[in-house]
Amino acid sequence: MQAVLARRDVLVVMPTGRGKSLCYQLPATLLPGLTLVISPLIALMQDQVESLKQRNISAAAFHSGLTEQQRDKVIQGLHLQSLKLLYVAPERIQHEGFLRLIRKCLVSLLVVDEAHCISQWGHDFRPDYMKIGRLRQELNNPPCLALTATATTRVQADIGERLALRDPSSVVTGFRRENLALSVRLCASLGEKLAALDRLVKQCDKGTVLVYGATRRTVEEVASWLGQSYPAVGYYHAGLSDEERRLVHEEFRRGELRILVATNAFGMGIDKPNVRFVAHLDLPRSIEAYYQETGRAGRDGAPANAFMLFGIQDIVALRQMLDESEADEHRKMLERQRLEAMLGLCETTHCRRQVLLRYFGEQPEKPCGN
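Note that the structure is a prediction, hence the values are computed from the model and not measured. (Residues numbered from 1 in each chain as written. Predicted model: local features only at pLDDT ≥ 70, side-chain atom pairs only at ≥ 80, totals over all residues. Heavy atoms only, no water.)

Engineer: Looking at this structure, I do not really get the overall build of the protein. What am I missing?
Structural biologist: When helices and strands are tallied, the protein shows 14 helices and 13 strands. Here the protein has a C-alpha radius of gyration of 21 Å; the compact-globule value for 370 residues is 21 Å, and the two agree. When the backbone C-alpha atoms are referred to their principal axes, the protein occupies close to 60 × 40 × 40 Å. The buried share among the 370 residues of the protein stands at 53%. Counting only contacts in the protein whose residues sit at least 6 apart along the sequence, the fraction spanning at least 24 positions is 77%. A total of about 17200 Å² of accessible surface is found on the protein, and carbon and sulfur atoms cover 49% of it. The positive charge centre, built from 48 side chains, and the negative charge centre, built from 43, are 5 Å apart in the protein. (Helix = DSSP H or I, 4+ residues; strand = E, 2+ residues; numbered from the N terminus. Rg over C-alpha atoms; globule rule 2.2 N^0.38 Å. Buried < 20%, exposed > 50% of the residue type's maximum accessible area, 1.4 Å probe, protein only. Contact = heavy atoms within 4.5 Å. Areas by Shrake-Rupley, 256 points an atom, 1.4 Å probe, with all protein chains shown as cover. Lys, Arg positive; Asp, Glu negative; His and termini not counted. Charge placed at Lys NZ, Arg CZ, Asp CG, Glu CD.)

Engineer: Would you mind showing me how to read the packing of aromatic side chains here?
Structural biologist: Geometrically, a pair of aromatic rings is defined through the distance of the ring centres and the angle of the planes. Under the counting rule described, the total for this entry stands at nine aromatic pairs. Residues Y24 and Y87 carry aromatic rings whose centres are separated by 6.4 Å and whose planes lie at 65° to one another, so their mutual orientation is edge-to-face. Here Y24, found in helix α2 (residues 22-30), pairs with Y87, found in strand β4 (residues 85-88); they are 63 residues apart in sequence, far enough to count as distant. Since its relative accessible area comes to 0%, Y24 is described here as buried. With 5.6 Å between their ring centres and 90° between their planes, F277 and F307 make a pair best called edge-to-face. Pair noted here: F277 is in strand β12 (residues 275-280) and F307 is in strand β13 (residues 304-310), with a separation of 30 residues, a long-range link. We note that F277, like F307, is buried. Among the aromatic residues, those joined into a cluster by ring pairs are F175, Y291, Y359 and F360. It is R92 that lies over the ring of F62; its NZ or CZ is 4.9 Å from the centre. Above the face of the F252 ring, K272 is positioned so that its terminal group lies 5.7 Å from the ring centre. (Phe/Tyr/Trp six-rings, centres within 6.5 Å; stacked < 30°, edge-to-face > 60°. Lys NZ or Arg CZ within 6 Å of the ring centre and 35° of its normal.)

Engineer: Help me understand the pairing of β13, please; the structure alone is not making it clear to me.
Structural biologist: Along any regular strand the residues' side chains alternate between the sheet's two faces. Most of β13 is tucked away, with six of its seven residues classed as buried. As paired elements, strand β8 (residues 180-186) and β13 share seven bridges and run parallel to each other. By the bridge assignment for β13, L182 is matched with A306. Taken together, the four bridges between β12 and β13 define a ladder with parallel strand orientation. Paired with F277 across the two strands is N305, which belongs to β13. Regarding the hand of the β-α-β motif, the stretch spanning β12, helix α11 (residues 287-294) and β13 is right-handed. (Pairing = 2+ DSSP bridges. Right-handed = clockwise from strand over helix to strand, strands pointing away.)

Engineer: How do you make sense of the environment of S241 when you look at a structure like this?
Structural biologist: Inspection of the secondary structure puts S241 in the loop between β10 (233-236) and α10 (242-254). Judged by relative accessible area, which is 35%, S241 ranks as partly exposed.

Engineer: Even after reading the chapter, I still don't get the nonpolar core, so can you show me in this structure?
Structural biologist: Membership of the largest hydrophobic core comes to 71 residues, with the highest contact counts inside it found for L36, L86, I102, I159, L163, L283 and L356. In terms of residues, this core owes the most to one element, helix α13 (residues 329-347), which gives five residues. Beyond its immediate sequence surroundings of up to four residues, I159 is in contact with L11, A115, H116, I118, A146, T148 and A151. By size, the runner-up hydrophobic cluster in this structure holds 23 residues, among which are L31, V37, A89 and L147. (Core = buried A, V, L, I, M, F, W, Y, C linked by side-chain atoms within 4.5 Å.)

Engineer: What exactly am I supposed to notice about the packing of helix α8 (residues 190-203) against helix α9 (residues 216-227) here?
Structural biologist: Each packed pair of helices is defined by two parameters, the angle between the axes and the distance between the axes. The contact between α8 and α9 brings their axes to 12 Å, and the two run at 50°. Judged by the angle between their axes, α8 and α9 are oblique. For the crossing formed where α8 meets α9, the hand is right-handed. Between α8 and α9, the contacting residues are L194, L197 and D198 on the first element and V222, W225 and L226 on the second. (Axes fitted to C-alpha atoms, helices over the stretch in contact; angles between N-to-C directions. Parallel < 35°, antiparallel > 145°, perpendicular 65-115°, else oblique. Left-handed = near helix turned anticlockwise from the far one by under 90°.)

Engineer: What's the story with the sheet that holds strand β2 (residues 34-38) in this structure? I'm lost.
Structural biologist: Across a sheet, strands are paired by hydrogen bonds formed along the backbone, either parallel or antiparallel in direction. Spatial ordering of the open sheet is given by β3-β4-β2-β5-β6-β1-β7, a layout of seven strands whose pairing is parallel. On the outer flanks of this sheet lie β3 (59-62) and β7 (169-172), each paired with one strand and no other. Going from strand to strand, the sheet's axes swing by 15° on average, the running direction of each strand aside. Note: β2 against β4, four bridges, orientation parallel.

Engineer: Any chance you could explain the pattern of salt bridges here in plain terms?
Structural biologist: Opposite charge on two side chains makes pairing possible when the charged atoms of those side chains draw close. Evaluation of the coordinates by the stated rule reveals 27 salt bridges. The partner of R254 in a salt bridge is E250, and the shortest N-O contact between them spans 3.3 Å. Of this pair, R254 and E250 are both found in helix α10, four residues apart, which corresponds to roughly one turn of the helix. Residue classification places E250 among the buried positions, given a relative accessible area of 13%. (Salt bridge = Lys/Arg side-chain N within 4 Å of Asp/Glu carboxyl O.)

Engineer: Honestly, unusual backbone geometry in this entry has me stumped. Any pointers?
Structural biologist: For residues besides glycine, phi is generally negative; the peptide bonds are generally trans as well. In this structure, N56 is a non-glycine residue whose phi angle is positive, near 60°. As for its position among the elements, N56 is in the loop between α3 (42-54) and β3. Located in the positive-phi region is E114, a residue other than glycine, with phi close to 50°. The residue E114 is located in the loop between β5 (107-112) and α6 (132-138) in this model. Classification of E114 as buried rests on a relative accessible area of 7%.

What follows is the structure in structure tokens.
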């Protein structure tokens with residue numbers, strides 16, 4: 001925050017739940033003009049805006065899900081220069097109408113959330129993020145704050161280059177989450193995975209449970225199966241309508257759903273403190289994705305667990321998907337490297353946290369004992 005207020009470019013790599021949003025929200029109340037935040041998920045934007053408004057901080061989100069009346073209210077706030085923070089999706093910054101609007105504003109700080117999405121070396125590359133460099137030029141190069149929880153040293157360098165960060169203050173707090181235990185079990189079938197999942201849910205008598213599955217079909221079937229034995233079970237995937245996804249997200253946030261089964265469409269920035277365990281029913285495609293998704297557990301700092309239940313068939317399916325994808329050979333090569341690293345994390349006979357930390361460039365001295 002001191003670096004932001006000193007008008008420096010800043011790159012922040014900080015574990016999930018440690019307060020990345022605070023790094024720009026508090027300075028935004030002190031800086032003149034507007035803080036513009038590029039954020040990838042509408043649900044995340046809405047969460048942040050609601051939280052800020054409860055603290056009497058003028059904030060808004062500008063995205064495709066707004067009604068015409070809501071959109072006009074945001075535009076009026078920009079014209080009157082009454083907004084302190086504006087959240088926009090990366091797709092929005094390509095619209096000429098939005099650019100005409102934002103050029104008239106004094107943008108004191110440009111914030112890029114989930115900044116790893118700008119890097120082709122990252123696990124969640126999004127082409128729309130590549131336009132942010134041009135947006136910064138359009139806004140007369142305001143200071144830039146780039147934030148992520150998952151970036152190897154190579155991705156960190158790529159973020160700095162693509163956003164043209166000028167002598168940035170680099171704040172890398174590390175990837176350790178001391179309260180989180182990582183467990184992996186090889187299962188021969190879906191039935192064995194479900195039996196193990198059932199035992200885990202029974203053992204977890206407090207807090208919320210989040211279960212990740214690779215496909216929409218798996219998610220719906222597992223949610224239906226769990227719903228026969230447990231109350232308050234829901235599911236979430238990209239095949240649901242915008243309204244259905246919004247309702248599920250709200251129910252989960254308010255605690256009306258105790259168990260949520262979801263694809264990786266549910267994830268970034270979800271701020272729920274009492275998730276006691278995260279289960280993976282399928283092998284994640286990369287250590288970055290695994291780290292980000294397990295980071296939903298234990299955000300309150302209390303002990304939490306991450307259980308991965310994977311099978312040989314998961315590896316076969318992921319490799320086949322890679323071979324059949326329309327990505328270029330360079331992209332396929334990167335994805336294969338990430339998958340091999342993920343397998344290495346699963347198959348190690350040593351401390352998994354040591355393997356994970358080394359992947360992100362840290363050198364842990366001893367096993368975590370967790």
